[in-house]
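Tertiary structure, described
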Amino acid sequence: MTDDRDELIVRKFFEENKIDVPDDGFSRRVMRRLPDRERRLSRVWTAVCAVLGVLLIVKNDWLGVVWTHVQGLFGKASELPLVSGSHVVMFLSVLLVISLWGYKAISED
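Side note on the overall build of the chain
Summing up its helical and strand segments, the chain has five helices and zero strands in all. Listing every helix and strand of the chain by position from the N terminus yields α-α-α-α-α. For the chain, buried positions account for 5% of its 109 residues. Split by element, the accessible area of the chain, about 10500 Å² in all, is 66% carbon and sulfur.

Considering the packing of aromatic side chains
One pair of aromatic rings is described through two measures. These are the centre distance and the angle between the planes. Under the definition given, this model contains one aromatic pair. A ring pair is formed by phenylalanine 13 and phenylalanine 14, whose centres lie 5.5 Å apart and whose planes are at 70°; its orientation type is edge-to-face.

Looking at helix α3 (residues 36-59)
The terminal C-alpha atoms of α3, which comprises 24 residues, lie 35 Å apart, in line with the 34 Å expected from a rise of 1.5 Å per residue. Once α3 finishes, aspartate 61 follows within two positions and takes phi at roughly 55°, a positive value.

What about helix α1 (residues 2-16)?
Helix length check: α1 (15 residues) gives 21 Å between terminal C-alpha atoms against 21 Å at 1.5 Å per residue, within 8%. The buried fraction of α1 amounts to zero of the 15 residues, a small share that puts the element mostly on the outside.

Examining the confidence of the model for the chain
Here the chain averages 80 in pLDDT, while 87% of its residues score no lower than 70. Of all the helices and strands in the chain, helix α4 (residues 62-78) carries the lowest mean pLDDT, 75, while α1 carries the highest, 87.

Describing a nonpolar patch on the surface
Taken together, the side chains of Val44, Trp45, Val48, Val51, Leu52 and Leu55 make up a nonpolar region of the molecular surface, amounting to roughly 610 Å² of accessible area. Inspection of the secondary structure puts tryptophan 45 in helix α3. Its relative accessible area of 59% is what places tryptophan 45 among the exposed residues.

What to know about a positive patch on the surface
On the surface, Arg28, Arg29, Arg32, Arg33 and Arg37 cluster together to form a positively charged patch. Of all the elements, helix α2 (residues 26-33) adds the most residues to the positive patch, at four residues.

As for unusual backbone geometry
Positive phi, close to 50°, is recorded for aspartate 24, a residue that is not glycine. Tracing the backbone shows aspartate 24 in the loop between α1 and α2. Judged by its relative accessible area of 65%, aspartate 24 is exposed. Located in the positive-phi region is aspartate 61, a residue other than glycine, with phi close to 55°.

Digging into the pattern of salt bridges
Applying the stated criterion across every chain yields a total of one salt bridge. The salt bridge involving glutamate 7 is made with arginine 11; its shortest N-O contact spans 3.7 Å. Taken together, the positions of glutamate 7 and arginine 11, both in helix α1 and four residues apart, correspond to about one turn of that helix. What makes arginine 11 partly exposed here is its relative accessible area of 44%.

Rules used in this analysis
Residues numbered from 1 in each chain as written. Predicted model: local features only at pLDDT ≥ 70, side-chain atom pairs only at ≥ 80, totals over all residues. Heavy atoms only, no water. Helix = DSSP H or I, 4+ residues; strand = E, 2+ residues; numbered from the N terminus. Buried < 20%, exposed > 50% of the residue type's maximum accessible area, 1.4 Å probe, protein only. Areas by Shrake-Rupley, 256 points an atom, 1.4 Å probe, with all protein chains shown as cover. Phe/Tyr/Trp six-rings, centres within 6.5 Å; stacked < 30°, edge-to-face > 60°. Expected span 1.5 Å × (residues − 1). pLDDT = per-residue confidence, 0-100. Patch = residues over 30% accessible without salt bridge, like charges linked within 9 Å, V, L, I, M, F, W, Y side chains within 5 Å. Salt bridge = Lys/Arg side-chain N within 4 Å of Asp/Glu carboxyl O. Lys, Arg positive; Asp, Glu negative; His and termini not counted. Charge placed at Lys NZ, Arg CZ, Asp CG, Glu CD.

Written out as structure tokens, the structure reads:
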């Protein structure tokens, strides 16, 4: 009961003592300085670095080296009794881990 009465008193006080302050472009300046611009620059920088990384991988044929290691991993995994020679299960497991990692990376932005 007293909370409602206090709320009414506070509301009445602010309505009676309302002061209009001229904006003079303040809101526009604040909106320009918000971090949205920095976020866009960060995303562009990330994209540039990713493209440069892919170009380095392709130029130096690191993809072939990685593919050789992945094939070796699948070969060793197929010897496990749990997988029992099924490369599909291993591929789906790796795909799931990569998807979850990508989702986490995207959702943090």
